[in-house]
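Chain by chain, the residues:
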Amino acid sequence: MSCKDYQHQITLLLYDELSESIRVELETHLQDCPNCHEAYESEKTMHSVLAEDAARWHDIPSDLLVESRRALADELDRIERKRSWWRVPAFSVVFTPMRLLESVALIAMGLALGVYVSNQRQVSPQIAANPTQEQISGIPRNGTISNLQIVNADPITGQVELAGEISQPLRFQGKMEDDTVRSLLFSALRDANNPGSRLKAVEVLAQKPTDEMIEEALINALVYDGDAGVRMRAIEALQKFAGEQHVRAAFMHTLGNDTDAGIRVKAIDALMARNSRDVELAKSLEAVTEKDDNPYIRSKVLEFVGTAK
Amino acid sequence: MIRVIGVISGSLLLLSTFTIPLFSKCPISDGATLIVRAPVGDLQVDTNGREAAVDFQVDNSLLQVQENCGKDVELTGNAPDPAQIHGTIVWRIVTPKNVNLDLVATAGNIDIGNVDGDSILRTTGGHITAGQIKGKAAIITQGGLVKAGNVGGDAEIRSQGGTLEIGDVGGNAEFHTTAGQIRAGSISGAVTAEGGRAIFIIKAGDVKATTNAGDISIGDAARINAKTAGGSITSRRVRGPFQGHTESGDIRLDSAAAWVEASTGQGNIVVHLAPENIDGDLHMDLQAGIGDVTVYVPPRLKATIDATVQRPAFQAQQIISDFPMNGIAPGRPVQGLIPNNRFYSPTHSQSLLNGGGNKITLHTSLGKITIRRQ
């Protein structure tokens, strides 16, 4: 912009009517250019005189400025519409070389815009797709960014591509039947570093042990979880189903392998309660517990064998 | 023929001097100890006996019980061939309640009523149920659950895996289980609780509680030292110092009367400082990995508060305080040479309350810090 252009904007600056970027540019220019700075000082003096005078105008409506702006905007729109009507090439009455040049320029701009937009979408398609109040450019306000890396930075176009990770707090409500709720609970069961989370997941899943998928998850926790408390809670949830074949198999595995005597005791008690007089089971139990170091378990198995005969 | 009958009769008479029949009785005095060693079977002890004697019976003819009726009464069973045992063996014992009990079931459950004396109850894997024990109690099982009423003296309760449920304890208490919960009432003395799952204690003196997985909840305690590998730690009131750590879970103290040191890997920390002695040691060190830290402090407290958010959220206020805080931008001069701007919003703040004093360190790697006036 020339000094003339800048000096035209000084009045708008004093009325705080400039956009942020233009204001910064103008203020920078005023610091560098003595002539414009002089014009600014002069305008400012006049502005302050007017402001002092305006202070005595008590009967000015408070919404005068708003109304004035609206009227000005309406008038500018009207002029623009009128100008557009005869400027658009398709509606131009006279076909001139200037009109042809305008058309070519418009097509070129459209193509450039298309390329620009498609490039933007490649980087982050979800940003344009779902902007919400809580998000700024797709990043949640309460999210925390980590491992931020500059993938690409073009100094000519100013295009920057960033990659990183966002963590944000999660709170979710739903019923046990909801797939998302289940997935979250199953995910918690696999959280190797957090036995408390696994335990709570088992406690919640134990409310619906009749569901086949939940039953499988509980069996998995009983057989594979490294924490005795989690395994104990899982066996407590499953003990009612110790008569079912796959639950029974899991309990047999527990009897033969679990290092915690309390869990083995729970397993033998449940198996005995739900499978009375089952000769085959009695034989299997004898074999599995033959070397168990817990006398209670061995004794209970013998008792079961005696009853089953 | 007569000779044969004579031999049999003699043998039976001889046998009866060493073994007791299925029904038997043995006198016992107040304060004496009933000792039972049961190699198999469940022990059921009814303590409502009105006579000064122990009645007992065992419902299996394979088991022979030897009695020793001295000052203390001792009943010992033989170990029959396991292959010949069919069904459950039960020892049914009736005794007055003003005795001590020392019961061992090698492979069975133990069930006793109220006892005025001390009780030692041990089994290698069964469940143990007890009524009120006026004296001291040691209850140990290698696998089952333990359920007991109030204990008048000290209590030591252990299970390898089972849940422990105890009423009030008049002395000190020790609770240990590898996979079960611990639930206890009001404990007059100190408590050491090691659990595999949640620990709940209504009231106690000094508490040391540790669990592998699960919450720790202590209603009221003189002092708390709590640690869980995954779960929340909460207390309604702690009258002395508090130390708590959880790998993952919240820590919440509704009323802390003395210093507090708490840390969580993932979770929120909320502490209401309500000191009984405002001039005592009231320092606080609250550290959260991922989570918010909220502290309520009385306005009269002399404190030097130092709050840090290590990794601020994308666009959210990090440190919220009812007291004036001096924000310190990382790597920037402290005292206003360069004022804070939008790029250097405070993620590290300090404040002196009433001239400074107790050091209050609040730190979260990822979350926000809130300091409220109590």
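Note that the structure is predicted; figures quoted are calculated from it, not measured. (Residues numbered from 1 in each chain as written. Chains lettered and ligands numbered in written order. Predicted model: local features only at pLDDT ≥ 70, side-chain atom pairs only at ≥ 80, totals over all residues.)

### Description of the overall build of chain A
Turning to step 1, where the next piece is worked out: When you go through chain A residue by residue, the secondary structure sums to 14 helices and four strands.
Turning to step 2, where the next piece is worked out: When each of the 309 residues of chain A is scored for burial, the buried share is 24%.
Turning to step 3, where the next piece is worked out: Counting contacts in chain A only where the partners sit at least 6 residues apart, residues at least 24 apart contribute 46% of the total. (Helix = DSSP H or I, 4+ residues; strand = E, 2+ residues; numbered from the N terminus. Buried ≥ 20, exposed ≤ 12 C-beta atoms within 10 Å, placed from the backbone. Contact = placed C-beta atoms within 7 Å.)

### Comments concerning the overall build of chain B
Turning to step 1, where the next piece is worked out: From N to C terminus, chain B includes one helix and 33 strands.
Turning to step 2, where the next piece is worked out: Counting every position in chain B, which comprises 374 residues, the buried fraction comes to 45%.
Turning to step 3, where the next piece is worked out: By sequence separation, contacts in chain B at least 24 residues apart represent 38% of the contacts at least 6 residues apart.

### Description of unusual backbone geometry
Residues other than glycine predominantly adopt negative phi, and peptide bonds predominantly adopt the trans conformation.
Turning to step 1, where the next piece is worked out: A positive phi angle, close to 55°, is found at Asn 354 of chain B, a residue other than glycine.
Turning to step 2, where the next piece is worked out: Positionally, Asn 354 of chain B belongs in the loop between strand 31 (348-353) and strand 32 (358-366).

### Comments concerning the interface of chain A and chain B
Turning to step 1, where the next piece is worked out: The interface is formed by 38 residues belonging to chain A together with 41 residues belonging to chain B.
Turning to step 2, where the next piece is worked out: Put simply, the parts of the chain that give the side of chain A that touches chain B at least two residues each are strand 2 (139-140), strand 3 (144-153), helix 8 (195-205), helix 10 (228-238), helix 12 (261-274) and helix 14 (295-308) of chain A.
Turning to step 3, where the next piece is worked out: It is helix 14 of chain A that provides the largest number of residues to the side of chain A that touches chain B, a total of eight residues.
Turning to step 4, where the next piece is worked out: Among the residues forming the side of chain A that touches chain B, the class breakdown is 16 nonpolar, 14 polar and eight charged. (Nonpolar A, V, L, I, M, F, W, Y, C, P; charged D, E, K, R; others polar.)

### Topic: the nonpolar core
Turning to step 1, where the next piece is worked out: Grouped together as the largest cluster of nonpolar side chains are 132 residues, with contacts concentrated most on Leu 218 of chain A together with Ile 201 and Val 271 of chain B.
Turning to step 2, where the next piece is worked out: Among the elements that take part in this core, helix 12 of chain A stands out by supplying eight residues, more than any other.
Turning to step 3, where the next piece is worked out: Other than its neighbours up to four places away in sequence, Leu 218 of chain A contacts Val 202, Leu 205, Ala 206, Pro 209, Ala 234, Ala 237 and Leu 238 of chain A. (Core = buried A, V, L, I, M, F, W, Y, C linked by C-beta atoms within 7 Å.)

### Focus: the environment of Ala 257 of chain B
Residues and elements named next belong to chain B.
Turning to step 1, where the next piece is worked out: Following the sequence through the fold, Ala 257 ends up in the loop between strand 23 (251-256) and strand 24 (260-266).
Turning to step 2, where the next piece is worked out: Taking the C-alpha atoms as reference points, Ala 257 and Gly 280, 23 residues apart in sequence, are found 9.4 Å from one another.
Turning to step 3, where the next piece is worked out: Once residues within four sequence positions are removed from consideration, Ala 257 is found in contact with Val 238, Arg 239, Gly 240, Ala 274, Pro 275 and Glu 276.

### Examining the confidence of the model for chain B
All names here are of chain B.
Turning to step 1, where the next piece is worked out: Residues at a pLDDT of 70 or more form 86% of chain B, whose mean pLDDT is 87.
Turning to step 2, where the next piece is worked out: Scored below 50 in pLDDT, residues 12-21 shows five contacts in the model against residues more than four places distant or in partner chains.
Turning to step 3, where the next piece is worked out: Every residue in residues 329-342 scores below 50 in pLDDT, and together they form twelve contacts with partners more than four places removed in sequence or on other chains.
Turning to step 4, where the next piece is worked out: The ipTM assigned to the predicted complex is 0.76, against a pTM of 0.71. (pLDDT = per-residue confidence, 0-100.)

### Side note on helix 12 of chain A
Turning to step 1, where the next piece is worked out: End to end, helix 12 of chain A covers 20 Å across 14 residues, agreeing with the expected 20 Å (1.5 Å per residue, within 8%).
Turning to step 2, where the next piece is worked out: Among the 14 residues in helix 12 of chain A, twelve count as buried, and that is most of the element.
Turning to step 3, where the next piece is worked out: Those residues of helix 12 of chain A lying buried are Ala 261, Gly 262, Ile 263, Arg 264, Val 265, Lys 266, Ala 267, Ile 268, Asp 269, Ala 270, Leu 271 and Met 272 of chain A.
Turning to step 4, where the next piece is worked out: Where helix 12 of chain A is buried, its residues contact helix 10, helix 11 (245-257), helix 13 (279-289) and helix 14 of chain A together with strand 14 (155-159) of chain B. (Expected span 1.5 Å × (residues − 1).)

### Here we look at helix 11 of chain A
Every α-helical turn comprises 3.6 residues, leaving residues that sit three or four positions apart pointing alike.
All names here are of chain A.
Turning to step 1, where the next piece is worked out: Between its terminal C-alpha atoms helix 11 stretches 18 Å, which fits the 18 Å expected from 13 residues at 1.5 Å a residue.
Turning to step 2, where the next piece is worked out: Taken together, the buried positions of helix 11 are occupied by Val 247, Arg 248, Ala 250, Phe 251, Thr 254 and Leu 255. An end-on view of helix 11 places all buried positions within 160° of arc, on one side of the element. Set apart from the buried face of helix 11 by more than 90 degrees, the exposed residues are Gln 245, His 246 and Asn 257.
Turning to step 3, where the next piece is worked out: Of the surrounding elements, those touching the buried residues of helix 11 are helix 9 (212-224), helix 10, helix 12 and helix 13. (Arc of directions from axis to C-beta.)

### Observations regarding the environment of Asn 48 of chain B
Residue and element names in this part refer to chain B.
Turning to step 1, where the next piece is worked out: Tracing the sequence through the fold places Asn 48 in the loop between strand 3 (42-46) and strand 4 (53-58).
Turning to step 2, where the next piece is worked out: Taking the C-beta count within 10 Å as the criterion, Asn 48 has 10 such neighbours and is therefore assigned exposed.
Turning to step 3, where the next piece is worked out: Sequence separation of Asn 48 and Ala 148 is 100 residues, and the distance between their C-alpha atoms is 17 Å.

### Looking at the confidence of the model for chain A
Turning to step 1, where the next piece is worked out: Taken residue by residue, chain A gives an average pLDDT of 77. The fraction at 70 or more is 73%.
Turning to step 2, where the next piece is worked out: Low pLDDT (under 50) marks residues 85-94 of chain A, which in the prediction has seven contacts with non-local residues, meaning those over four places away or in another chain.

### Some words on the pairing of strand 19 (residues 199-211) of chain B
All names here are of chain B.
Turning to step 1, where the next piece is worked out: Note that strand 17 (residues 182-186) and strand 19 share four bridges and pair parallel. Looking at strand 19, one finds that Ile 182 is bridged to Ile 199.
Turning to step 2, where the next piece is worked out: Looking at chain direction, strand 18 (residues 191-195) and strand 19 are connected through five bridges and run parallel. Residue pairing for strand 19: Val 191 is matched across the bridge by Val 207.
Turning to step 3, where the next piece is worked out: Pairing geometry for strand 19 and strand 20 (residues 216-228), over eleven bridges, is parallel. Residue pairing for strand 20: Ile 199 is matched across the bridge by Ile 216. (Pairing = 2+ DSSP bridges.)

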